[in-house]
Amino acid sequence: MEQFFLTIPKSPIVTFTILLLIIVTIPPIFEKIKLPGLVGLLVAGVVFGGEGLGLLDHENESMKLLADIGKIYLMFVAGLEIDLEDFRKSKNRSLTFGFCTFIVPLIIGTLVGLAFNMGVNASILLGSLLASHTLLGYPIVNRLGVVTNEAIVITIGATIFTDIAALLVLAVCISIHGGEFTLSTLIIQLASLGIYCAIVLYGFDRAGKEYFRRTGDEESNQFLFVLLAVFLASVGAQFINVDKIVGAFLAGLAVNDVVGKGPVKEKIEFVGSTLFIPCFFVSIGLLLQVSSFMTTLSQDFLLTTAIVGSLFIAKFIAALIPKLIYKYSWDQCFTMWSLSLPQVAATLAATLAGVNVGLLSESVFNAVIVMMLITSVAGPILTGKFARNLFQPKIDISLMDSSEFFDDESKDHQINIPYKIIVPVSNPNTEKSLMEIGSILARHESGLVMPLSVAKAHVHMDEPELKIALANSNKLVARALRYSQEFQVSVQPIIRIDDDLTEAITRSAKENQANLIVMGWSPNVTIQARLFGNLIDNVFWSSHCPVAVVKLLEDPLNIRKILVPIKNLDQKTLNTIYFASIFAQSNQGSLTLLHVHERKITRKQIDIFESTVNLAVKEIAAKIPTTIKILRYPDPAQAIIHTANKYDFDLVILRSIRRRTAGGLAVSDVTTQVIKNLGLSLIIFGEPN
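Residues numbered from 1 in each chain as written. Predicted model: local features only at pLDDT ≥ 70, side-chain atom pairs only at ≥ 80, totals over all residues. Heavy atoms only, no water.

Draft legend 1. How the structure looks around the overall build of the protein. Summing up its helical and strand segments, the protein has 28 helices and 11 strands in all. Within the protein, the proportion of its 689 residues that are buried is 54%. In the protein, 80% of the contacts between residues at least 6 apart in sequence involve partners at least 24 apart. For the protein, the accessible area works out to roughly 30,300 Å², and carbon and sulfur atoms hold 59% of it. (Helix = DSSP H or I, 4+ residues; strand = E, 2+ residues; numbered from the N terminus. Buried < 20%, exposed > 50% of the residue type's maximum accessible area, 1.4 Å probe, protein only. Contact = heavy atoms within 4.5 Å. Areas by Shrake-Rupley, 256 points an atom, 1.4 Å probe, with all protein chains shown as cover.)

Set out below in structure tokens:
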């Protein structure tokens, strides 16, 4: 075996290929055994590194480049994930908790460093490593529907304060370590940091908004502009003797408002989370020498225990202070504590920076790796335990009358403007079912169906290809008119010439003040679709109104039994239930609402949820036979598939939900699993961004 490994050529292509193999295979394996995928990447770095198979070398130039890009990207995404709007809503309390969860670990960590004779500068840097945190538990609170709880909001807001402060302490400590310490140099360093922060935060924000305004919908150029901003900020940081990760994080904050939550942000996070950030975690594993790691655990066990223990204690004290000041509950306190425990993004990058300049020892580095492993596992587990107790359904049923169902933006005009449903038609095989669904909805709402056919634009309007496309569009529209006749609804066909299908659909919907778009299913199969999103994804991102994506295996008029999985009972879920009730009422069918919960949820919480669902159903689906089914199941996707098949449902209606972690690693989506494995008719219902 060793001879075989020696025959493998040492080239950048081979290194890159091995990294891709690791990224594709290792994280899913670790997630199946309930461990974070990033832990698997660290382990893979050890296995494929110098003390393992020897296939990867952290001194390799290609490896160094990919690791540096990954480190920069990691901090950039951490800044990009911070919701500035949530921070502004509770900025005073966020700053209070941010200060507490920074200063308490900083002081305790510094004392630990001094107790182990690390020196003042290194001890302060160790304290700053404990002060920051990575929101690994965010997907959990999002799934539990408690993101809007004030304890969650201020913890997210505190991330801004802690990460910036910790990175600035890192910058000052490294600057002091690199030369003689004087008061004047410290003042100059802080002044240059202040000027630099102002340039990045305000200059990049203004430049980005202006560039996006001028480029309109040119997503490729906007994507490249954001990348340029990230690396310009990183290079600029090095000019003032600040680590490049400071610039990357500030760049993330600067362009946060610019990219918003649109497709450009999705592309940025996709590229980082699937390629560069995993490369960084593998490189960390390459630096971890098993022999020295075991030596640290045996000889420096006290140091490791002190660092990990002081983190848990310091973060708890920091969460206890706002609990006492603002009278939060213990569940809120423990949730804030658990959310602020994981030390991944800023901590790893800052530790590596400290080791590279010789400020931190290898023993401290190994101890921080242990701390990262423990907190990245314990933090999300504890968050799931305490955050579920924060769920308190607050639903405004009064909003759920039929005149306000589809689109809040146009509800002020509904008295004079009928409901308009855009139905893009291009495939003769699915056109009939799409028009029938659109007609069922329009008839129920006394509205208007607008079949839309798009002809591909050409430079010259007299091109033969365009004439053929227009003739085909006329045939599609004529068929659409025939299909809608039996429903006795108003129909207004649209034929549009456009060179972009997404823009044609979303712009037609906006121009005609449409309230809903009903689309056919197109599988995400091509490489281009996987990298840059398919038509469905793009319409979801761009549309001003809800979108229903339909995959029917039988005639819509034969749909009787409808299953609607519900996770949290919020306004968007109620919209989905109302959408499903229209089909059930039109076909004299029945509705089943399925809620899948975890093992540790209490009976009281289940009763509260069920009573709230019953209240909602009485208001929006009183005339329809409705069943509420609550299951305890470890895998929500399998629960949905099992229930749908066992009870012979005709249709499953899912909400479209996309999530990402603050560290950049993608979270598995229940919707994706159901789509892949469900052999029944399906509708994906998505609200505008």
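After that view, the rundown keeps rolling.
Draft legend 2. Inspection of the packing of aromatic side chains at higher detail. This model, assessed by the stated rule, comprises 9 aromatic pairs. Measuring from centroid to centroid gives 6.2 Å for phenylalanine 334 and tryptophan 337, while their planes differ by 65°, and the two rings are edge-to-face. Linking phenylalanine 334 with tryptophan 337, this pair stays in helix α17 (residues 330–339), spanning 3 residues, or about one helical turn. Note on phenylalanine 334: relative accessible area 23%, which makes it partly exposed. Site record: aromatic cluster; members linked through ring pairs are Phe312, Phe316, Trp330, Phe334, Trp337 and Phe386. In this arrangement the basic side chain of lysine 561 is found over the ring face of phenylalanine 649, its NZ or CZ atom lying 5.3 Å from the centre. (Phe/Tyr/Trp six-rings, centres within 6.5 Å; stacked < 30°, edge-to-face > 60°. Lys NZ or Arg CZ within 6 Å of the ring centre and 35° of its normal.)

Draft legend 3. Representation of helix α7 (residues 120–131) in the model. The end-to-end C-alpha distance of α7 is 17 Å, a good match for the 16 Å that 12 residues give at a rise of 1.5 Å each. A large share of α7 lies buried, amounting to 10 of its 12 residues. The set of residues buried in α7 consists of Asn121, Ala122, Ser123, Leu125, Leu126, Gly127, Ser128, Leu129, Leu130 and Ala131. (Expected span 1.5 Å × (residues − 1).)

Draft legend 4. Quick look at the pairing of strand β10 (residues 651–655). Where burial is concerned, most of β10 is hidden: 4 out of the 5 residues are buried. Relative to strand β11 (residues 681–686), β10 runs parallel, the two being bridged by 5 bridges. Within β11, the residue paired with valine 652 across the bridge is leucine 682. (Pairing = 2+ DSSP bridges.)

Draft legend 5. Expanded view of the environment of leucine 481. Mapped onto the elements, leucine 481 comes out in helix α21 (residues 464–485). Classification of leucine 481 by relative accessible area gives partly exposed; the value is 32%. In this structure, the C-alpha to C-alpha distance between leucine 481 and glutamine 492, residues 11 residues apart in sequence, is 8.7 Å.

Draft legend 6. Quick peek at the confidence of the model for the protein. When the pLDDT values of the protein are averaged, the result is 77; 81% of them are 70 or greater. When the elements of the protein are averaged for pLDDT, helix α23 (residues 527–532) gives the smallest value, 45, and strand β1 (residues 420–424) the largest, 91. For the stretch residues 659–668, pLDDT sits under 50, and the model shows 33 contacts to residues farther than four places along the chain or on other chains. (pLDDT = per-residue confidence, 0-100.)

Draft legend 7. The arrangement of the pattern of salt bridges in detail. Under the defined criterion, the tally for this structure stands at 6 salt bridges. A salt bridge links glutamate 431 to arginine 479; the nearest nitrogen and oxygen atoms lie 3.3 Å apart. One end of the pair, glutamate 431, is in helix α20 (residues 428–444); the other, arginine 479, is in helix α21, with 48 residues separating them in the sequence. In this structure, aspartate 498 engages arginine 496 in a salt bridge whose closest nitrogen and oxygen atoms are separated by 3.2 Å. Taking relative accessible area as the criterion, aspartate 498 reaches 10% and is therefore assigned buried. The buried category is assigned to arginine 496, whose relative accessible area is 17%. In this structure, a network of salt bridges that share partners links the residues Lys432, Glu436 and Asp555. (Salt bridge = Lys/Arg side-chain N within 4 Å of Asp/Glu carboxyl O.)

Draft legend 8. Structural context of the packing of helix α16 (residues 301–326) against α17. Closest axis-to-axis distance for the α16/α17 pair is 8 Å, and the angle between their directions is 140°. By the angle between their axes, α16 is oblique relative to α17. Read as a crossing pair, α16 and α17 show a hand that is right-handed. Of the residues in α17, those in contact with Phe312, Lys315, Phe316, Ala319, Leu320, Pro322 and Lys323 of α16 are Trp330, Cys333, Phe334, Met336 and Trp337. Grouping the constituent residues of the contact of α16 with α17 by class yields 10 nonpolar, no polar and 2 charged. (Axes fitted to C-alpha atoms, helices over the stretch in contact; angles between N-to-C directions. Parallel < 35°, antiparallel > 145°, perpendicular 65-115°, else oblique. Left-handed = near helix turned anticlockwise from the far one by under 90°. Nonpolar A, V, L, I, M, F, W, Y, C, P; charged D, E, K, R; others polar.)

Draft legend 9. Quick look at the nonpolar core. Judged by nonpolar contacts, the single largest core of 103 residues is most densely connected at Ile22, Phe76 and Ile268. If near-sequence neighbours (up to four positions away) are discounted, isoleucine 22 is found in contact with Pro27, Leu41, Ala44, Phe48, Leu56 and Val282. Membership of the second largest hydrophobic core comes to 47 residues, among which are Ile566, Phe583, Leu591 and Ile624. (Core = buried A, V, L, I, M, F, W, Y, C linked by side-chain atoms within 4.5 Å.)

Draft legend 10. Spotlight on a nonpolar patch on the surface. On the surface, Ile107, Leu111, Leu114, Val120 and Ile124 cluster together to form a nonpolar patch covering roughly 440 Å² of accessible area. Secondary structure elements with two or more residues in the nonpolar patch: α6 (91–115) and α7. (Patch = residues over 30% accessible without salt bridge, like charges linked within 9 Å, V, L, I, M, F, W, Y side chains within 5 Å.)

Draft legend 11. How the structure looks around the side chain of serine 508. Within the secondary structure, serine 508 is located in helix α22 (residues 501–511). Relative accessible area serves as the criterion here: at 1%, serine 508 is assigned to the buried category. Of note is the side chain of serine 508, whose polar atom sits 2.6 Å from the backbone oxygen of alanine 504. If near-sequence neighbours (up to four positions away) are discounted, serine 508 is found in contact with Ile422, Leu452, Arg496 and Glu503. (Polar contact = N/O pair within 3.5 Å; in protein donor to acceptor, adjacent residues only side chain to side chain.)

Draft legend 12. Local environment of the environment of valine 77. Secondary-structure assignment places valine 77 in helix α4 (residues 61–81). Overall, the relative accessible area of 1% leaves valine 77 in the buried class.

Draft legend 13. Representation of the pairing of strand β7 (residues 561–565). With 4 of its 5 residues buried, β7 lies for the most part within the structure. Looking at chain direction, β7 and strand β8 (residues 590–597) are connected through 5 bridges and run parallel. Within the sheet, the bridge partner assigned to proline 565 lies in β8 and is leucine 594. On the question of chirality, the crossover connecting β7 to the parallel β8 by way of helix α25 (residues 571–586) is right-handed. One ladder, built from 2 bridges, connects β7 with β10; its direction is parallel. Paired with isoleucine 562 across the strands is leucine 651, a residue of β10. (Right-handed = clockwise from strand over helix to strand, strands pointing away.)

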